[in-house]
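# Coordinate analysis (summary)
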Protein chains: 4
Amino acid sequence: MSLLTRFEAAARERLPQAHYDYFAGGAGDESTVAENEAAFGRLRLAPRVLSGAPPDPAVTLLGCRASMPLLIAPTAFHRLAHPDGELATARAAAAEETVMVVSMASTTPVEALADTGADLWFQLYVQPDMAFTERIVARAEKAGCRALVVTADSPVFGARPRDLHNDFHSLPEGLACENLREGDVVRPIEFSPEISWARLDRLREVTDMPLVVKGVTHPADARLAAGHGAALIMVSNHGGRQLDRTAAAIDLLPAVVDALVGAVPVTVDGGIRRGTDVVTALALGAQAVLLGRPVLWGLAAAGEAGVREVLAWFRAEIELATALVGGPLDPSVVRPC
Amino acid sequence: MSLLTRFEAAARERLPQAHYDYFAGGAGDESTVAENEAAFGRLRLAPRVLSGAPPDPAVTLLGCRASMPLLIAPTAFHRLAHPDGELATARAAAAEETVMVVSMASTTPVEALADTGADLWFQLYVQPDMAFTERIVARAEKAGCRALVVTADSPVFGARPRDLHNDFHSLPEGLACENLREGDVVRPIEFSPEISWARLDRLREVTDMPLVVKGVTHPADARLAAGHGAALIMVSNHGGRQLDRTAAAIDLLPAVVDALVGAVPVTVDGGIRRGTDVVTALALGAQAVLLGRPVLWGLAAAGEAGVREVLAWFRAEIELATALVGGPLDPSVVRPC
Amino acid sequence: MSLLTRFEAAARERLPQAHYDYFAGGAGDESTVAENEAAFGRLRLAPRVLSGAPPDPAVTLLGCRASMPLLIAPTAFHRLAHPDGELATARAAAAEETVMVVSMASTTPVEALADTGADLWFQLYVQPDMAFTERIVARAEKAGCRALVVTADSPVFGARPRDLHNDFHSLPEGLACENLREGDVVRPIEFSPEISWARLDRLREVTDMPLVVKGVTHPADARLAAGHGAALIMVSNHGGRQLDRTAAAIDLLPAVVDALVGAVPVTVDGGIRRGTDVVTALALGAQAVLLGRPVLWGLAAAGEAGVREVLAWFRAEIELATALVGGPLDPSVVRPC
Amino acid sequence: MSLLTRFEAAARERLPQAHYDYFAGGAGDESTVAENEAAFGRLRLAPRVLSGAPPDPAVTLLGCRASMPLLIAPTAFHRLAHPDGELATARAAAAEETVMVVSMASTTPVEALADTGADLWFQLYVQPDMAFTERIVARAEKAGCRALVVTADSPVFGARPRDLHNDFHSLPEGLACENLREGDVVRPIEFSPEISWARLDRLREVTDMPLVVKGVTHPADARLAAGHGAALIMVSNHGGRQLDRTAAAIDLLPAVVDALVGAVPVTVDGGIRRGTDVVTALALGAQAVLLGRPVLWGLAAAGEAGVREVLAWFRAEIELATALVGGPLDPSVVRPC
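Residues numbered from 1 in each chain as written. Chains lettered and ligands numbered in written order. Predicted model: local features only at pLDDT ≥ 70, side-chain atom pairs only at ≥ 80, totals over all residues. Heavy atoms only, no water.

## Section: the pattern of salt bridges
On inspection of all chains with the given rule, the structure shows 88 salt bridges over all chains. Arg-204 of chain B is the partner of Asp-201 of chain B in a salt bridge, and the nearest nitrogen-oxygen pair spans 3.3 Å. In this pair, Asp-201 of chain B and Arg-204 of chain B both sit in helix α9 (residues 197–206), 3 residues apart, roughly one turn of the helix. Taking the shortest distance from any N to any O, the salt bridge between Arg-199 of chain D and Glu-194 of chain D comes out at 3.7 Å. (Salt bridge = Lys/Arg side-chain N within 4 Å of Asp/Glu carboxyl O. Helix = DSSP H or I, 4+ residues; strand = E, 2+ residues; numbered from the N terminus.)

This is how it looks when you write it as structure tokens:
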């Protein structure tokens, strides 16, 4: 039983079913949740040998140095997983030297997270009220966030049967989306069915943070994002939580990379569970990966220490895989099963 | 458990085994019944993002407006599923604003269905007695049917082991194929092994209804149908009820669409169980899909209300999938697993 | 449960385990036995419609008319399956009007089978003693056999774990390979590791029967066989009984057909269990198929009547599939899953 | 149950769990261990027929004649499997006339193995201390080893969960890596993360033994190895023990063979369990295969006699498969499932 399996089991045991399910579940029949992991199993490696000492795994993205090519994906409601919530996650990110992408739906205000010294990027669901949206962005920028990660795959909310079945639709007393608080008022997160590239252009004007487009799956959108000034593109299917039947994230990566011909850096998230998954993503052209659920299992199991343990375990996995896959890392080291 | 699963379970519970099996079963080893659904699972989506407000899902086909790109497929013997039979189905079609394709083997006369105000198309098995066939067509036209859907995949009757096993070969006392009634006489439906394109040409001469060819699976036949004046082509393997081992309907669609280069609109039916299935079909070039068994499960479970619930559930599924897949919808948003 | 399944179950029940296993089993891990059937399941059909009355399924091969494109494959030791042995099989072949390929390892002499009036072809394992081989051939020709089917895939005997496990290596008292009897002596069948095309050339000189090469799997050998005067080529992996890991027979057919560009007719055997299997083989270029184990199950279950029932069941299956697949039958009606 | 299955079962029963697991296990999730065997099952054969008497299976590689194209792969710690250890294996190799590749981690000194008369090649993990490495090489050469097999796939040690779980990290009292002994001191085997082609060049200078590079999986490295003077290249993923997710060895072979265009002979190891596996490898361009775990199961089950039984069983399997696949053996006799 690997560390991740043990932590997920611990999380399942500790959390109320509805909260565990909120983190673990996905849209529809959860086929995309399963596919994200399964797709890595269908990609096999042809390692290089005798290529000398492995390179330092550290990467610098949008001016932020991460000690390894693995960032913390934005996930909501960390205080459902552990009383220390996002604060624990941010401290772990700082200690393990990687970037935390703060969810707009954080149950801890971004300013408190910034105080941990972690490099933060801020994830945004564009709100129908653009003035409100801009106030949130300004607040994140003021707090010191180094990039604005605009979630593009959520014009509406994905249908998640587990949440429906558990009747999970609101946070327990005392928890709130603190990044949406204005004085005593916390407005609910809304989705913008009409969201389009024009909104992205508007955001580019109102912030100095580099813009990241998260949720790109189609090469044509990658080119559009580059044309609209995206500084980084995140290939993602939202961990299978938005549209079931979406292809596995890693299967979507190569066409996006090809479309961009190096103009814009790319990350991928969804189904990363092994160091070889990370190295596969790098070989296929990603600069880094983002990690979602495993961070939450570490958080639920042991708070900040748990998140650190997950990150350290991944660092060791990445170092081992990097050494054994050798280099140069390019698509030729990956082949279908 | 999704709505469709619950309704099918209810139907299985309420109906005599032989009647449930008649609806649920298929030809041979029922591999095509299974393939129709499984094939959708092998097609994965690469959604577009930031493409703005989703379009109205309504479509107009052969002059009939449907509030969504999902029509009711012709299926026989609705009064086996529910005492209200086809009348309930037609009322649901009218209420939910979609087209009902009336089966020639309806246990309710087409005139009664027309009275519901639903837009009706009439499905025809060409009978060996052409004069009789023409009388049926004339009757459907007079009743107000807006299209004649000629089933082309049934020169003989498919072998269905469940019906054989259940010894199901006739309707219970009091039920009959009312569209074949002439006075007191209801002739049995026959199949025409010698049926050919010439019969289609003859039908085109005797009716003003646009002709639809149902059961096309091969691109060469799509071109032939277009050449013989078909106004719409239905890609279908008859829900796996005629020839086991036929490919999944959705797998057959692209070659047919390619062969027609837009000259004639195309629908597909077989295995549609999710909004993403519908959007996949549209992306691959269909104008709409047809829904068979799920309508029967709704009918069996709750009569008109059940059919309405099924249609409304699909509308919500389609709207969600349409919003999340974004656009433009073209084959590039679909990829093999 | 289909007829074939019932008959196989009956055979399993009636026959001693070692004899059932001899018929049912195959070489090595029996993966090729399984593949022969599984491969048909991976091929899907795209039927043609409105193509008019289906053609007569009868075929004429090497001057022999068969009422359907399905011949009886050569299989050994029919008296292990039923006391009437090959006599029952031959009578069934005559009654159902198809060709029986008599095994050299028949437990009934070929002359007795010829008396049934069935059209017989004679299967030959070339013996190391060429003079003996030629006497066998002359005897078959004199008995009225219409073709000489040279098994090319057996330079040595395949290793069959079931026979080894059952210690099955000889016929019970009273049974013998009657076609190898010379007076009171019945020599054992031997294999010729050195068998080559030269032996085929020699056989062509000593008989007027047309030569059939059975066991071709590679297109280059199909061309060689044609060059050496083969009048018909049988694509076969010996029902998975010689070399485990050989590809499924139906998967090997297309390349052989392509290599021959129509110069020589081709049959295929291995895994035929449905009428659609037969139609698939015809669409991919075979003139006919051969049926092995199902004949034995019919024989074991009910003697001549059982074989007739199997043949009649296949005729009905073939007629149904022929009508529903329509035409013209060419490779475009078959597609991978 | 085949001989190999029985011997593995016997080994599992006789050995302490930790030792059995050390031999049986692999890296990570052991998906590559499984893939090595599974990949052969996905390759199907199209045998040639009537190609005459099969050739002698003996091969000569680097001046060493082996009676069949199957060598003994280097595996560590044979005295964990049986008290006679590598001595039994070497005697079996000599008796069955094949090459034994001696592991650097042998629990018997190479000189003692040389005394058996077996043709030995010596496997080397390049040690960080190059002087020490060169002393080991000189000793192997002096003992009469006929080739130096440099393991290239192990810059670091693969993570093997079973060993971790069993806390297996050292040899029992009385056992040691005898090839690393210098007087009373046995230094531990170390890995060289910085190992590169320069080390190979250095080794070429200090020994007259031909150099073999073991662990090549990528065609570019095959070309590099040839350019650096490798006399033979071993395609290998270390039996799935170094990097989980590496492709199956047999799937990696064709690209390596293509890259070398015959300049350097190639072997493959990993997952060889049948004579058809060997013939498949030869058809895809390997000169021979190496056998790892099955040798250990024979050794554990019955010492020298067990290893001989395994080798003899493989010889029979290879002869049978060679006869039945016929020839010429080239990639056209292998096809994907």
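## A few points about helix α5 (residues 85–96) of chain D
All names here are of chain D. The end-to-end C-alpha distance of α5, which contains 12 residues, comes to 17 Å, matching closely the 16 Å that a straight helix rising 1.5 Å per residue would cover. All of the buried residues in α5 are Gly-85, Glu-86, Ala-88, Thr-89, Ala-90, Ala-92, Ala-93 and Glu-96. The elements touched by buried residues of α5 are β4 (70–72), α4 (78–81), β5 (100–102), α6 (110–114) and α13 (293–325). Downstream of α5 by a residue or two, Glu-97 has a phi angle that is positive, lying close to 60°. (Expected span 1.5 Å × (residues − 1). Buried < 20%, exposed > 50% of the residue type's maximum accessible area, 1.4 Å probe, protein only. Contact = heavy atoms within 4.5 Å.)

## With respect to the confidence of the model for chain A
Per-residue confidence for chain A gives a mean pLDDT of 97; residues scoring 70 or more make up 100%. Predicted complex, confidence summary: ipTM 0.97, pTM 0.97. (pLDDT = per-residue confidence, 0-100.)

## What about the relation of the copies chain A and chain D?
If you rotate chain A by 90° and push it 0.0 Å along the axis, it lands on chain D with an RMSD of 0.0 Å. Here the two chains are linked by the operation of a four-fold rotation axis. Among all residues of chain A, the minimum C-alpha distance to the rotation axis is found for Cys-337 of chain A, at 9.0 Å. (Least-squares fit on C-alpha atoms with pLDDT ≥ 70 in both.)

## Side note on the interface of chain A and chain D
Taken together, the contact pairs 26 residues of chain A with 32 residues of chain D. Between chain A and chain D the total buried area reaches about 2,400 Å² when both faces are included, carbon and sulfur atoms providing 60% of it. Inspection of the region where chain A meets chain D yields 3 salt bridges. Asp-221 of chain D is the salt-bridge partner of Arg-48 of chain A, the closest N and O atoms lying 2.9 Å from each other. At the junction of chain A with chain D, the criterion picks out 15 residue pairs in polar contact (both at pLDDT 80 or more). Every element with two or more residues in the side of chain A that touches chain D is listed here: α3 (31–42), β1 (43–45), α12 (275–283) and α13 (293–325) of chain A. Top contributing element to the side of chain A that touches chain D by residue count: α13 of chain A, with 5 residues. A class-by-class count of the residues in the side of chain A that touches chain D yields 16 nonpolar, 5 polar and 5 charged. (Buried area = accessible area lost by both parts, 1.4 Å probe. Polar contact = N/O pair within 3.5 Å; in protein donor to acceptor, adjacent residues only side chain to side chain. Nonpolar A, V, L, I, M, F, W, Y, C, P; charged D, E, K, R; others polar.)

## Notes on the side chain of His-218 of chain B
Locating His-218 of chain B in the fold gives a position in the loop between β10 (211–216) and α10 (219–227). Contacts of His-218 of chain B, omitting those with residues within four sequence positions, involve Val-256 of chain B together with Ala-46, Pro-47, Arg-48, Ser-332 and Val-333 of chain C.

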